[in-house]
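Descriptive analysis of the structure
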Amino acid sequence: MKEINLSSIDRIELMQTFIRIVEAGSLSGAAARLGTSQPTVSRRLQTLERLLGLKLLQRTTHIMKLTDDGERCYSHAKALVENWNAMEDDLRGATDQPRGLLRVLVPHAFGQDQLIKPLKDYLYRYPEMSVEWTLNDRRPDFIAEGIDCAIQVGAVTDPSVVAILLAEVPRIVVAAPELLNNKPLPTHPEQLLDFHWIALNSFYRNEVVLSHKTQGEIQRISIKPQLSTDSLYALRNAALAGLGAGIASTWVISDDLAQGRLVHLAPDWHGLPLPIYLVYPHASFYPARLRAFLDIMRQAMPSLAGTQLPSKKSRYTPR
């Protein structure tokens, strides 16, 4: 076996690899995150263990577990790599251009439409960047999935993350004209009780909450949806097909309203607006690529069609 010259080893790279192994939960997962092979990751782990004279991981066919020394090493490695990154960032200063890969999780509908313009601005402004743009409405596991940040529509309840309130999405109750069956347009939420309903189960299932647009009065009505979906596009198409009334984000149905394919029920009443957050895990250092993405999203989000400035501040603030 070829002897490794430990004095020439890139210790920062070894620490970064070890962190990725722990966060990914496997050598193969770490290799995928680092864009290298599993044998390379395994070799780096062995080199780090030999360098420290410690066993950092206990591995079997089905499980990988940190030793006590591994736990301490992981904590020190995180601090060391963050401090190294902070030093590089400080020394490079304002001339440091974002480069590398940014992994972003975005809502399925919003990420296909409204967010493409600010994404384009980001990539045009920083040509050395590439973005992995994952469309999904779930909440991210930042560490396990290697995600840098997420755009989240709806309340943020996880106190372990930083959540920056960017804008709000106004929502209204809509239905196909034939659903009225030649009856007058309903003007009060109570007149919506007899309608068939479509639920967007990410935000409402068995109860609809509406607010008067000028007086601020709140009305709650119980519904029994015939169709429940987690897709805003499916809700829109079901409403167009006449399956029922639903609460939709205004950006996705604005053309349908203008063309008369949908009507705004109880037009003086709106669904409660949904907040849009940029969410990312706490850290002592944030790379230039993430900071630049946050700056562009902060500037662009309130001006996108179908969004508005937030009516209240986020309960979380950036560190």
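All of these numbers come straight from a predicted model, not from anything done at the bench. (Residues numbered from 1 in each chain as written. Predicted model: local features only at pLDDT ≥ 70, side-chain atom pairs only at ≥ 80, totals over all residues. Heavy atoms only, no water.)

Looking at the layout of surface pockets
If you add up the space inside the largest pocket, you get close to 1400 Å³. Along the walls of the largest pocket sit 40 residues, with Arg-20, Asn-85, Asp-148, Pro-287 and Arg-289 positioned nearest its centre. Among the residues forming the lining of the largest pocket, the class breakdown is 17 nonpolar, seven polar and 16 charged. Space inside the second largest pocket adds up to approximately 380 Å³. Contributing elements (two or more residues each) for the lining of the second largest pocket: strand 3 (100-106), helix 5 (108-112) and strand 5 (149-153). Considering every element that reaches the lining of the second largest pocket, the biggest residue donor is strand 5, with four residues. Looking at the lining of the second largest pocket residue by residue, the class counts come to 15 nonpolar, six polar and four charged. (1 Å grid on protein atoms, 1.4 Å probe; cavity = no way out; pocket = protein on both sides within 12 Å on 5 of 7 lines; lining within 4 Å. Points joined across faces, edges and corners; volume = space filled by probe spheres on them. Nonpolar A, V, L, I, M, F, W, Y, C, P; charged D, E, K, R; others polar. Helix = DSSP H or I, 4+ residues; strand = E, 2+ residues; numbered from the N terminus.)

So, the environment of Gln-308
Mapped onto the fold, Gln-308 is located in the segment after helix 10 (288-300). Given a relative accessible area of 31%, Gln-308 falls into the partly exposed group. Put simply, Gln-308 and Ala-176 are 132 residues apart on the chain and 26 Å apart in space, counted from C-alpha to C-alpha. Apart from residues lying up to four places away in sequence, Gln-308 is in contact with Ala-167, Glu-168, Pro-170, Pro-273 and Pro-302. (Buried < 20%, exposed > 50% of the residue type's maximum accessible area, 1.4 Å probe, protein only. Contact = heavy atoms within 4.5 Å.)

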